[in-house]
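# Geometric and topological summary
Each chain, letter by letter, is given below.
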Amino acid sequence: MKEKFKSWAFSKEHGKCDVITLIIYLLGVCTISFFHEPWFDEAQAWAIARSGTIKEILFEIPHYEGHPPLWHLILVPFAKLGAPYELSLAAVNIFFMTLAVAVLLFKSPFPKLIRCLLPFNFFLFYQYGVVSRPYSVLTLSFFLAAAFYPSRNKKPLRYVFSLAFMCMIHSFGIIFAGGLCVVWLSEIISKYVKEKTFLKIFSDKHCWMMLGLLVLAIAIIIEIFPNSNTYTQGHENAEELFSFSFSYVQIMWYIMYLSEAFLIQMPDSKLDSYDVASIIPQFITAVFVFVIALSILHKNKKILTFIIPYSFFGLFSALIYSSPYHSGMVGVFLIFVFWGIFADNGKIELPEYINKAVSSLRGGLKKAVVAIAFLPMIVPIAWSAYSSYIDIRFDYWYKEAAEFIKEYRLYDYKILSSWTQDVISEENDSWRIDEVYACRDYPKLQGLATAILPYFDDNIFYNYNIDDHDKTFMHYQSSTEEEAEAIINKWREQGPPDVVLDRCQITKVYPDIDVNDYVAVKRIEVYKPYKFKTDKQYITIYVTKDLSNKIGTLEELTAKKLY
């Protein structure tokens, strides 16, 4: 039985096992997607596709979204023709991610056991398979590039097209594709230098194709480069975004991205203010994994193929912009690299020191080491299981808020949505809202309204996109104090709200208002999973006492008052 399993596990033949795995994967993501309620980023993309013009999607919105418009264009036919929001969004994402997994299963040279486990990796299954984002398309482009990589020198066109596809879907695709081209170009130059025919490089078709890809990448970078007022993760403008200070924290995160993709769970923040001492165990693990990985890649002559694109990604993420979800692209890229190793060698060659260490072990200790070696395959599957359970077990907040508004026909009244307020104290800047602190207002940033509006045909919030009320997506635009005051003045002209979505500094908009005239009538909790962590938050809906009495069936809740 043991030998039979080994024979099956290490076989590279494609057949029924791959078909069964694909069916299980498809049924799995469809099932979890049925319970999954779109998060803000998913809703934002749908809103852009639904209410943005093609001109805006191509030339204006990318400067605020930070990635090319292809994902929005893919959603346009569904959103503009009135297709069901959640169903259509999930169906599009599942289509691309299932294609990606099919390429992995039927075209990769991995042994069967690895091929059958990889699709249930946290990022391939939950984060990119269930959560509908452009990463599903980016993953497909990576796997197509991996399939075409071994024949890139004989048939370069399809490999270059897959890299172009990578660039057109996401800004990180540009980073990885650029790194892969640098490696490819270095291989070509090295060949001509050894042959002492360097001038032939100017007639090499591979180089001309890469030049065309470079032109495309530059055009896309121009298209997505942040505007001066683009708001990104606490940065008010492009100048702040690209003004960084290098420290040991960035070095730590650069190393940890690799382990974050398969083994550890990094903290949410990579700022210097984070208690670095608390992540020492993860960092030690990450260093160990990083060193082992580099030695294996070096042994298999893929060190440059990995380290250059990874460094492009890691430095950009550590110094400029990143999210925990982006680390999944490191995992996808690592699959790409090992795909190339198996395609070239048929197996992974281990460094001599690892072979000697393993051969010196006996009995249970040897089995334990083998089990530890499989953790990068098993742990991400456990992450998938936990996050899927949370998604099924608990509701997300946006749909419940929309259903509450519909149930009591609150859209017939004036609804004010909360907006981003950056609290400024004398001691530090923080992201808390408190009446004792002065606030810097960003009235264009209204995430709750953005995520709720796909459940409605029209904009139901009078203070959302007040200058262009038909738009149901949010521009990531910061506002000067004068611009913010001008927008808030337009809110004042509409009169005080009957309904307020979540706690906000309403007296800043309406100084004469009595917050005691508003009562909390709905509290909605959120459970947002990520690996083994669940982000628990809540929002509160307030109405005036007069409206509460008029409706008659609303129950007043104990909650913090507006202020």
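Note that the structure is a prediction, hence the values are computed from the model and not measured. (Residues numbered from 1 in each chain as written. Predicted model: local features only at pLDDT ≥ 70, side-chain atom pairs only at ≥ 80, totals over all residues. Heavy atoms only, no water.)

## A look at unusual backbone geometry
With phi around 80°, D502 is a residue other than glycine that occupies positive phi space. The exposure class assigned to D502 is buried, which follows from its relative accessible area of 16%. Even without a glycine there, the phi angle at K531 is positive, about 60°. Inspection of the secondary structure puts K531 in the loop between strand 6 (518–530) and strand 7 (533–544). According to the relative accessible area criterion, K531 is buried, its value standing at 0%. (Buried < 20%, exposed > 50% of the residue type's maximum accessible area, 1.4 Å probe, protein only. Helix = DSSP H or I, 4+ residues; strand = E, 2+ residues; numbered from the N terminus.)

## Some thoughts on the nonpolar core
Grouped together as the largest cluster of nonpolar side chains are 155 residues, with contacts concentrated most on F142, F143 and F336. The biggest single contributor to this core is helix 7 (residues 85–107), with 13 residues. Beyond its immediate chain neighbours, meaning those up to four positions away, F142 contacts M166, F176, M329, V332, F333 and F336. By size, the runner-up hydrophobic cluster in this structure holds 17 residues, among which are Y462, I488, C504 and A520. (Core = buried A, V, L, I, M, F, W, Y, C linked by side-chain atoms within 4.5 Å. Contact = heavy atoms within 4.5 Å.)

## Section: the side chain of T305
In this fold, T305 is placed in helix 17 (residues 303–319). Look at T305 and you get buried, because its relative accessible area is 5%. Beyond its immediate sequence surroundings of up to four residues, T305 is in contact with Y149, L180, V183, E187, F333, F336 and V337.

## Concerning the packing of helix 10 (residues 135–148) against helix 18 (residues 327–345)
Helix 18 packs onto helix 10 with a crossing angle of 15° between their chain directions and a minimal axis gap of 9 Å. One element, helix 10, and the other, helix 18, form an angle in the roughly parallel class. For the crossing formed where helix 10 meets helix 18, the hand is right-handed. For the pair helix 10 and helix 18, the contacting residues are Y135, L138, T139, F142, F143, A145, A146 and A147 in the first and M329, V332, F333, I335, F336 and W339 in the second. Within the contact of helix 10 with helix 18, the residues separate by chemical class into 13 nonpolar, one polar and no charged. (Axes fitted to C-alpha atoms, helices over the stretch in contact; angles between N-to-C directions. Parallel < 35°, antiparallel > 145°, perpendicular 65-115°, else oblique. Left-handed = near helix turned anticlockwise from the far one by under 90°. Nonpolar A, V, L, I, M, F, W, Y, C, P; charged D, E, K, R; others polar.)

## Some points on the environment of E403
On the secondary structure map, E403 appears in helix 22 (residues 397–407). The exposure class assigned to E403 is partly exposed, which follows from its relative accessible area of 45%. Each C-alpha atom of the pair E403 and P380 lies 34 Å from the other, and the pair is 23 residues apart in sequence.

## Observations concerning the side chain of S479
Within the secondary structure, S479 sits in the loop between helix 23 (447–452) and helix 24 (481–493). According to the relative accessible area criterion, S479 is buried, its value standing at 7%. With near-sequence residues (within four places) excluded, S479 lies in contact with D441, Y442, P443, K444 and A484.

## Some details on a negative patch on the surface
Together, D457, D458, D468 and D470 make up a negatively charged patch on the protein surface. Of note, D470 is situated in the loop between helix 23 and helix 24. On the accessibility criterion, D470 (65% relative accessible area) is exposed. (Patch = residues over 30% accessible without salt bridge, like charges linked within 9 Å, V, L, I, M, F, W, Y side chains within 5 Å. Areas by Shrake-Rupley, 256 points an atom, 1.4 Å probe, with all protein chains shown as cover. Salt bridge = Lys/Arg side-chain N within 4 Å of Asp/Glu carboxyl O. Lys, Arg positive; Asp, Glu negative; His and termini not counted. Charge placed at Lys NZ, Arg CZ, Asp CG, Glu CD.)

## Notes on the pattern of salt bridges
In the structure shown here, the tally under the stated rule is 15 salt bridges. Across the pair D422 and R440 runs a salt bridge whose closest N-O atoms are separated by 3.3 Å. With D422 in strand 2 (residues 420–424) and R440 in strand 4 (residues 438–442), the pair connects residues that are 18 residues apart, well separated along the chain. A relative accessible area of 7% places D422 in the buried class. K508 is the partner of D441 in a salt bridge, and the nearest nitrogen-oxygen pair spans 2.5 Å. A residue pair is termed long-range when its members are at least 10 positions apart, and D441 in strand 4 and K508 in helix 25 (residues 506–509) qualify at 67 residues. Here K508 falls in the partly exposed class, since its relative accessible area comes to 29%.

## Re the packing of aromatic side chains
All chains considered together, the criterion is met by 47 aromatic pairs. Ring centres of F306 and Y310 lie 4.9 Å apart, and the angle between their planes is 20°; this geometry places the pair in the stacked category. Of this pair, F306 and Y310 both sit in helix 17, four residues apart, roughly one helical turn. We note that F306, like Y310, is buried. When the ring centre of Y149 is taken as reference, the NZ or CZ atom of R152 above it lies at 3.9 Å. The ring of F394 carries R393 above its face, with NZ or CZ at 4.8 Å from the centroid. (Phe/Tyr/Trp six-rings, centres within 6.5 Å; stacked < 30°, edge-to-face > 60°. Lys NZ or Arg CZ within 6 Å of the ring centre and 35° of its normal.)

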